[in-house]
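Structural description and commentary
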Amino acid sequence: MLDIRVRRRIGSFTLEAALAAPSGAVTVLVGESGSGKSTLLRLVAGLLDPDDGRIAWNGEPLVDPAARWSVPPEGRPIGYVAQDYALFPHLDARANVAFGLRAQRRPRREIERRVAATLDRFDLGALASRRPHQLSGGQQQRVALARALVLDPEILLLDEPLSALDLRTRRTVRAELRRTLQGLSCATLFVTHHPTEALAFGERIAVLEAGRVTQSGTRDDFVRRPRSRYVAEFLGVNLVDGTIAARHADGLVAVACEGTTLTVPDPGAEGAVRLVIHPHDIVVSRAAPAGSARNVLRGVVDEVIPEPPQGERVRVLLSTRPPLAAQVTRDAVETLGLVPGAEVFASFKATGVVVLAGEGGDA
Amino acid sequence: MSHAPDARFAAAGRPSPPLIPGLAIAAIGVLVLLLALPFVGLIARVSPRTLLVRLGEPAVLEALRLSLLTSISATALVVILGTPAAYLLATREFRGKRLLEVLIQLPMVLPPTVAGFALLMAFGRMGFAGHWLSAFGVSLPFTTVGVILAQVFMAAPFFIAPARAGFAGVDPRLLDAAATLRASETQRFLRVMLPLALPSLVAGVSLSGARALGEFGATITFAGNLPGVTQTMPLAVYVALQSDLDAAVVLSVLLLVMSFGLLLGLGSAPPGWMGVRSGAGHPGSPPHR
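Note that the structure is predicted; figures quoted are calculated from it, not measured.

Rules behind the numbers
Numbering of residues starts from 1 in every chain and runs along the sequence as written. Ligands are numbered from 1 and chains lettered from A, in the order in which they are written. A pLDDT threshold of at least 70 governs which residues receive local features in this predicted model, and a stricter bar of 80 or more applies before side-chain atom pairs are shown or counted, although totals over entire chains, interfaces and linings include all residues. Axis angles are defined between N-to-C directions and span 0 to 180 degrees, where every axis is a line fitted to C-alpha atoms and, for a helix, only to the segment in contact. Counting from the N terminus, the helices are DSSP H or I runs at least four residues long and the strands are E runs at least two residues long. Throughout this description, any angle smaller than 35 degrees is read as roughly parallel, any larger than 145 degrees as roughly antiparallel, any in the 65 to 115 degree range as roughly perpendicular, and the remainder as oblique. Put simply, a crossing is left-handed when the front helix is turned counterclockwise from the back one by less than a right angle, and right-handed when it is turned clockwise. By definition, residues are in contact whenever their C-beta atoms, placed on the basis of the backbone, come within 7 Å of each other. Each residue gets one of three labels, nonpolar for Ala, Val, Leu, Ile, Met, Phe, Trp, Tyr, Cys and Pro, charged for Asp, Glu, Lys and Arg, and polar for the others, Gly among them. Strand pairing follows a simple DSSP-based rule, namely that at least 2 bridges must link the two strands.

1. Looking at the packing of helix α9 (residues 172–180) of chain B against helix α10 (residues 185–214) of chain B
Residue and element names in this part refer to chain B. Where α9 meets α10, the axes come as close as 10 Å, and the angle between the chain directions of the two elements is 140°. The angle between α9 and α10 falls in the class oblique. As α9 packs across α10, the resulting crossing turns out to be right-handed. Counting all contacts with α9, which are made through Leu174, Leu175, Ala178 and Ala179, the residues of α10 involved are Arg188, Arg191, Val192 and Met193. Taken together, the residues of the contact of α9 with α10 sort by class into six nonpolar, no polar and two charged.

Quick look at the structure:
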């Protein structure tokens, strides 16, 4: 288990983050650029020291400023893949992969054996004598991964490992990288600014915003209970702030929000709440719904966006109050005639809404 | 000059507006003549036959031997002493860095006679360092070692400046990567910094070697002009000018050829050496974000 609790100032920016990453799992740290993700990785790698706090691996401190203790990067059980891979331009792929073992002065036989096995594992055998500038982006990434993993690190740090790739290669490399990471026994800390990547890779996901971890938990938690606008926007879920106005008898409450009152499950708290309404829970109809849905809003279709482009599902943006995004099938769009300007009803069950207590207000 | 904006755009779009290149070519022509004519004059002054015959003269060979011995030794010392300084200046910030920089640059602009005189004041019999050294029976002025010292003094900046630029041009992210791959600072230097900065170091060796070979003022002031001991080729040229013009020409041509070869051979390690730009990453690498 990697335990991180650090504070580090860089200019006017302060990173103050606490995070744990277990072995044998991928923990994704997701956040916008400038949120401090790379800084956090550099702290774990030992390329930067925290002002305060502690980073420990299985209880052993890697850095502890209070005790004036800091293991230099070369002494940490890490593997680090930089954003642009930082391959040594003067060495071919094989020598890049062998670099770490040579630095450790392993016996020559062992180096040859382990490097050959790793090159094979990453399908780099045929490219072994190429220099980095003769490799494609995806190949460079494989060399960078191989170079880090040949050392059997206990902690693997990946800094936006896909961002240097063009869109077309990114998809194949992503699948490849996922397979690689799934088989690892080390604790993997994966940094990205793409929530899609976070969902694809992270069994555990932590959200970093302006230097602070605002949410951390399982992938499921991340999807079902997004706590920040940043994540909600990326997930495409509706986030509605309101205040509890009344309690019903059946375990539901009435929440007053922008322009309307919604009925949602009782969070067992008072005051401000944040509601998470998933687009696929919203039913869109032309006539007033006859079903049991407790929440019905009227509005006009604003925009119709296929998701993904050419996909089966379609995202419909509605100018209800509050504005909502619904997800429907392509068939529904055609049968209901959902074109911009069409008047519709949006309805959703009270029980489908996730209520986050004590969060409303700012986002 | 009143061009309409459109006309100026049109001019900028043309491959070569005639006036500016014309002037530039003229300027370059004058410069090349200015630099090359003296050399041509020198070489034209003596017939190849005389050149070959006089090259074998003991006095010429003696000066040649001494020049090679001292300039090679001086360059080796410059590399040994200058590399750590160049590395320090390229990679660290510290108090007094600016002072150290100026101190290292100073010999480039100082009149060599002043440098030699200063050396004499420090290492001469009355100088504080010389006084201390003489306690061990060591005396530098008017010795071959003194010549080497004068050459080191004058040639060091010509190595340190390009070496420093070479070290500074190595992408720090590569050094970070090396550190995370278990490489100690020494290993990072030897296996990443040094190979990537090598073209610059080679250029520095050639520049400082050529400077040491041509060193005159500091040598004659500090080490004197003793044939076989401190009379290197530039000094021998100076002496020969007053008695034997042909010998002066032969020595000068020899110096000219050696310096030219040194700069041409070592100093021209191309920037794309081994497919490596010692600056930003490598071709094909994505821009850093």
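2. A look at the sheet that holds strand β19 (residues 324–329) of chain A
Residue and element names in this part refer to chain A. With antiparallel pairing, the five strands of this open sheet are ordered in space as β16-β20-β17-β18-β19. Two strands close off the open sheet at either side, each with one partner strand: β16 (283–285) and β19. Strand-to-strand twist in this sheet, taken as the mean axis angle between neighbours without regard to direction, amounts to 45°. One ladder, built from three bridges, connects β16 with strand β20 (residues 343–348); its direction is antiparallel. Bridge assignment links Val283 to a residue of β20, and that residue is Ser347.

3. Some thoughts on the packing of helix α6 (residues 112–123) of chain B against helix α8 (residues 144–168) of chain B
All names here are of chain B. Put simply, α6 and α8 touch, their axes get as near as 11 Å, and they point 130° apart. Put simply, α6 runs oblique to α8. Seen along the crossing, α6 lies across α8 with a hand that is right-handed. Note on element contacts: α8 touches α6 through Leu149, Ala150, Phe153 and Met154, opposite Pro112, Ala115, Gly116 and Leu119. Looking at the contact of α6 with α8, its residues break down into seven nonpolar, one polar and no charged.

4. Remarks on the pairing of strand β18 (residues 313–318) of chain A
Residue and element names in this part refer to chain A. Summarising the sheet, strand β17 (residues 295–307) and β18 pair through six bridges and their orientation is antiparallel. Paired with Ile305 across the strands is Arg315, a residue of β18. Where β18 lies against β19, six bridges are found, and the strand directions are antiparallel. Pairing of Leu318 across the sheet is with Leu324, part of β19. Taken together, β18 and the strand that follows it, β19, pair antiparallel across an intervening segment of five residues.

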